[in-house]
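# Report on the structure
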Amino acid sequence: MGCLGNLLWFLLGGWLSGLGWLLAGILWCITVVGIPVGLQCFKFASLSFFPFGKEIRYGGGAGSLLLNILWIVLTGIPLALESAILGCLLCATIVGIPFGLQHFKIARLALMPFGAEVI
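Counting from 1, residues in each chain are numbered in the order their sequence is written. For this predicted model, a pLDDT threshold of at least 70 governs which residues receive local features, and a threshold of 80 or more governs which side-chain atom pairs are given and counted, while totals over whole chains, interfaces and linings are taken from all residues. Side-chain calculation: all heavy atoms of the structure are included, whereas hydrogens and water are not.

## Observations concerning the layout of surface pockets
If a probe as big as a water molecule is rolled over the atoms, it shows which places are left empty. Only protein atoms enter the 1 Å grid, on which a cavity is a set of points fitting a 1.4 Å probe that cannot get out and a pocket is an open set with protein on both sides within 12 Å along at least 5 of 7 lines, lining residues being those with an atom within 4 Å of a point. Grid points are joined across faces, edges and corners, and a volume is the space filled by probe spheres set on the points. Its boundaries defined by the atoms lining it, the largest pocket holds a volume of some 160 Å³. In this structure, the largest pocket is lined by Leu8, Trp9, Leu12, Gly13, Gly14, Leu16, Leu86, Leu90, Phe99 and His103. Ranked by residues supplied to the lining of the largest pocket, first place goes to helix H1 (residues 2-29) with six residues. Class assignment for the residues of the lining of the largest pocket results in seven nonpolar, three polar and no charged. Think of it this way: any DSSP run of H or I at least four residues long counts as a helix, any run of E at least two long counts as a strand, and we number them from the N terminus. Residue polarity is assigned by list, with Asp, Glu, Lys and Arg as charged and Ala, Val, Leu, Ile, Met, Phe, Trp, Tyr, Cys and Pro as nonpolar; anything else, Gly included, falls into the polar class.

What follows is the structure in structure tokens.
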């Protein structure tokens with residue numbers, strides 16, 4: 001399912017989700033202070049383009065918590081809402097359930113990207 005799922009995902013709208021992460025990364029990289037946040041966005045854009053066969057492991061410490069709080073307020077809520085709404089719409093059909101679950105995985109990542117690792 002990994003290769004075929006990724007191909008269908010990208011062609012049927014995954015590129016749009018990935019572009020959201022790329023846009024967030026570009027906006028964060030405008031400032032020198034935001035470059036580490038922007039680089040994290042670029043890393044997760046690749047996951048958003050091709051999510052099948054990849055897992056996310058969450059961890060981190062106090063620094064990750066502070067960055068996640070700043071992230072949620074400034075950027076995380078729109079990205080999480082986009083993925084959550086698309087996930088709900090896709091889960092309304094039986095065929096769309098695997099794709100909806102991938103959107104829920106990305107929505108969770110959009111709320112807590114720092115301290116997360118893509119495997």
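## Re the confidence of the model for the protein chain
Every residue is assigned a pLDDT by the predictor, reflecting its confidence on a scale from 0 to 100. Per-chain confidence: the protein chain averages 90 in pLDDT, with 99% of residues scoring 70 or above. Across the protein chain, the element-wise mean pLDDT spans from 86 in strand E2 (residues 116-118) up to 93 in helix H4 (residues 97-111).

## Quick look at the packing of H1 against helix H3 (residues 62-90)
Where H1 contacts H3, the axes come no closer than 10 Å and their chain directions differ by 165°. Judged by the inter-axis angle, H1 sits roughly antiparallel to H3. The element H1 and its partner H3 pack so that their crossing is right-handed. Between H1, through Leu16, Ser17, Gly20, Trp21, Ala24 and Trp28, and H3, the contact on the second element is made entirely by Leu70, Trp71, Leu74, Thr75, Leu79, Glu82 and Ser83. Throughout, an axis means a line fitted to C-alpha atoms (over the contacting stretch in the case of helices), and angles, computed between N-to-C directions, take values from 0 to 180 degrees. Orientation labels follow simple angle bins: below 35 degrees gives roughly parallel, above 145 gives roughly antiparallel, 65 to 115 gives roughly perpendicular, and whatever is left gives oblique. Helix crossings get a hand from a simple test, with the near helix turned counterclockwise from the far one by less than a right angle marking a left-handed crossing and a clockwise turn marking a right-handed one. Contacts: residue pairs with any heavy atoms within 4.5 Å of one another.

## Observations regarding the nonpolar core
Nonpolar cores are built from buried Ala, Val, Leu, Ile, Met, Phe, Trp, Tyr and Cys residues. Side-chain atoms within 4.5 Å join them into one set. Under the scheme applied here, a residue whose accessible area is under 20% of the maximum for its type counts as buried, over 50% as exposed, and between as partly exposed, the area being computed with a 1.4 Å probe on protein chains only. Of all hydrophobic cores here, the largest spans 21 residues; its most connected members are Trp21, Cys41, Trp71, Leu79 and Leu109. Mapped onto this core, the elements with two or more residues apiece are H1, helix H2 (35-49), H3 and H4. Residue contributions to this core peak at six residues, all from H2.

## Here's the deal with the side chain of Ser48
Looking at where Ser48 falls in the secondary structure, it is placed in helix H2. Ser48 gets classed as buried once you look at its relative accessible area, which sits at 0%. Among the polar contacts made by the side chain of Ser48, one reaches the side chain of Ser17 at a distance of 2.7 Å. There is a polar contact of 3.4 Å between the side chain of Ser48 and the backbone nitrogen of Gly18. Ignoring sequence-local partners within four residues, the contact set of Ser48 consists of Trp9, Gly14, Ser17, Gly18, Trp21 and Ile106. Here a polar contact means two N or O atoms within 3.5 Å. Within protein one must be a hydrogen donor candidate and the other an acceptor candidate, and residues neighboring in sequence count only if both atoms are side-chain atoms.

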